[in-house]
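Architecture and fold: a report
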Amino acid sequence: MEKKYKDLFVDFDDTLYDTYGNAVIALKETFDAFHLERYFSNPKVFYDAYWAANIDLWGRYSKGEITRPFLIVERFRRPLSVGEGLPVTEQLCLEMSDKFLDFCSCKPGVVEGAHELMDYLKQNGYRMHMCSNGFHEVQYKKLAACGLRDYFDTIILSEDAGVNKPSPLYFDYALKLSGAERETTLMIGDNLQTDIQGALNAGIDALLFNRWNVNAEEANKRPTFVVDRLLEIKDLL
């Protein structure tokens, strides 16, 4: 029987690339590089404030509520403002962001099973297209660092599309750029809102890699498939 899906739209950050794990390491390296121990007696205070800001800001960015420059500055302004006696300036936030992204983008860490899954999908004839809201210059460095670039037929970034996932316009752009057909395309991602609900609202089937143990039953539209581990996808495709 002919396979239903021919094209796979695959999210990158925290689906294949261990963005969270790599960022934890990079954040500590950034903390040390800027000698923030002078202003934070407990580094965890800085880390917790960073992650709270980051989650909030990326959620707003995906909805188009804030700009990239605002996100870059604000995600460090907030945690730095918790420090004692640290003069927080926009310049400092920008310098810290540049250093943090440099640390992040050279990390090779991937989610367990990523390379094995991509080998399997490639060998089985699927066309694969990376779909990401990540920043252009950073994503290509990450792809090189983790060795996943050659698996993808197309790299589809929101900055090129002019709109972020979950907008239907992003998925329309992705279909046009990749040459994929809506009916034979499957979106694979870890984010219930940007990846899964976005794809479903655009008329594209979606597979949730439930890395964060969210309750998919409460979604407006339920995912077409749900897996807890990447390699479970081999049983579906």
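To be clear, the structure that these remarks concern was listed above.
Owing to the predicted nature of the structure, the values given are computational and were not obtained by experimental measurement.

1. A look at empty space enclosed by the protein
Counted by the stated rule, this structure contains 1 cavity of 30 Å³ or more. Of the voids in this model, the largest cavity is the one considered here, and its volume is about 30 Å³. Looking at the largest cavity, the residues that line it are Val 10, Thr 15, Leu 16, Leu 117, Met 118, Leu 121, Ile 188, Leu 230 and Ile 233. Among the elements that line the lining of the largest cavity, the one with the most residues is helix H5 (residues 114-123), at 3 residues. For the lining of the largest cavity, the per-class residue count stands at 8 nonpolar, 1 polar and no charged.

2. What to know about unusual backbone geometry
A cis amide bond links Lys 165 with the next residue in sequence, Pro 166, at an omega value of 20°. Residue position: Pro 166 is located in the loop between helix H7 (158-161) and helix H8 (168-178). If you check the backbone angles, Asp 14 has positive phi at about 70° while not being a glycine. Locating Asp 14 in the fold gives a position in the loop between strand S1 (7-10) and helix H1 (19-33). For Asp 14, a relative accessible area of 13% gives the class buried.

3. Side note on the pairing of strand S4 (residues 185-189)
With 5 of 5 residues buried, S4 lies mostly within the body of the structure. Pairing of S1 with S4, which is carried by 4 bridges, proceeds in the parallel orientation. Bridged to Phe 9 within S4 is Met 187. Here S4 runs beside strand S5 (residues 205-209); their pairing, made up of 4 bridges, is parallel. If you follow Met 187 over to S5, its bridge partner there is Ala 206.

4. A look at the sheet that holds strand S2 (residues 127-132)
Strand order in the open sheet formed by 6 strands is S3-S2-S1-S4-S5-S6, with parallel pairing between adjacent strands. Edge positions in the sheet fall to strand S3 (154-157) and strand S6 (225-227), since each has one partner strand and no second. Direction aside, the axes of adjacent strands within the sheet are offset by 20° on average. Packing against the sheet, helix H6 (residues 136-146) makes contact with S2 and S3, and its axis sits at approximately 145° to S3. Strand contacts of H8: S1, S2, S3 and S4, with the helix running at about 160° to S3, the strand carrying the most contacts.

5. Considerations on the packing of aromatic side chains
Tallying each qualifying case throughout the model produces 17 aromatic pairs. Taking the centre distance of 5.2 Å and the plane angle of 15° together, the rings of Phe 12 and Tyr 17 count as stacked. Accessibility assignment for this pair places Phe 12 and Tyr 17 in one class, buried. Through a chain of ring-to-ring contacts, three or more aromatic side chains come together here, namely Tyr 20, Tyr 50, Trp 51, Phe 76, Phe 100 and Trp 212. A cation sits over an aromatic face here: Arg 68 above Phe 135, 4.2 Å from the ring centre.

6. Looking at the layout of surface pockets
When its volume is computed, the largest pocket comes out at roughly 1100 Å³. Forming the walls of the largest pocket are 37 residues, and the residues nearest its centre are Asp 14, Asn 54, Trp 58, Asp 190 and Asn 191. The set of elements that each furnish at least two residues to the lining of the largest pocket consists of H1, helix H2 (43-62), helix H4 (90-105), H6 and helix H9 (192-201). Looking at the lining of the largest pocket element by element, the count peaks at 7 residues for H2. Among the residues making up the lining of the largest pocket, the classes are represented as 16 nonpolar, 12 polar and 9 charged.

The rules behind these values
Every chain is numbered on its own, with residues counted from 1 as its sequence reads. Totals for whole chains, interfaces and linings use all residues, but because this is a predicted model, local features are given only for residues with pLDDT of at least 70 and pairs of side-chain atoms are given and counted only at 80 or more. Note that water and hydrogens are dropped before the side-chain values are worked out from all heavy atoms of the structure. Site definitions follow a grid-based scheme: protein atoms alone, a 1 Å grid, a 1.4 Å probe that fits but cannot get out for cavities, and for pockets an open set with protein on both sides within 12 Å along at least five of seven lines, plus lining residues having an atom within 4 Å of a point. Grid points are joined across faces, edges and corners, and a volume is the space filled by probe spheres set on the points. Secondary structure elements follow DSSP: runs of H or I no shorter than four residues count as helices, runs of E no shorter than two count as strands, and numbering proceeds from the N terminus. Ten residue types, Ala, Val, Leu, Ile, Met, Phe, Trp, Tyr, Cys and Pro, are classed as nonpolar, four, Asp, Glu, Lys and Arg, as charged, and the remainder, Gly among them, as polar. Each residue is placed in one exposure class: buried if its accessible area under a 1.4 Å probe, protein chains only, is under 20% of its type's maximum, exposed if it is over 50%, and partly exposed if it falls in between. Strand pairing is defined by DSSP finding a minimum of two bridges between the two strands. With axes taken as lines fitted to C-alpha atoms, and helix axes fitted only over the stretch in contact, angles between N-to-C directions fall between 0 and 180 degrees. In this description, contact between two residues means that some pair of their heavy atoms is separated by no more than 4.5 Å. The aromatic pairing rule takes the rings of Phe, Tyr and Trp, using the six-membered ring of Trp, and pairs them if the centres are within 6.5 Å, calling planes under 30 degrees apart stacked, those over 60 edge-to-face and the rest tilted. The rule for a charge over a ring is simple: NZ of Lys or CZ of Arg within 6 Å of the ring centre, and within 35 degrees of the ring normal.

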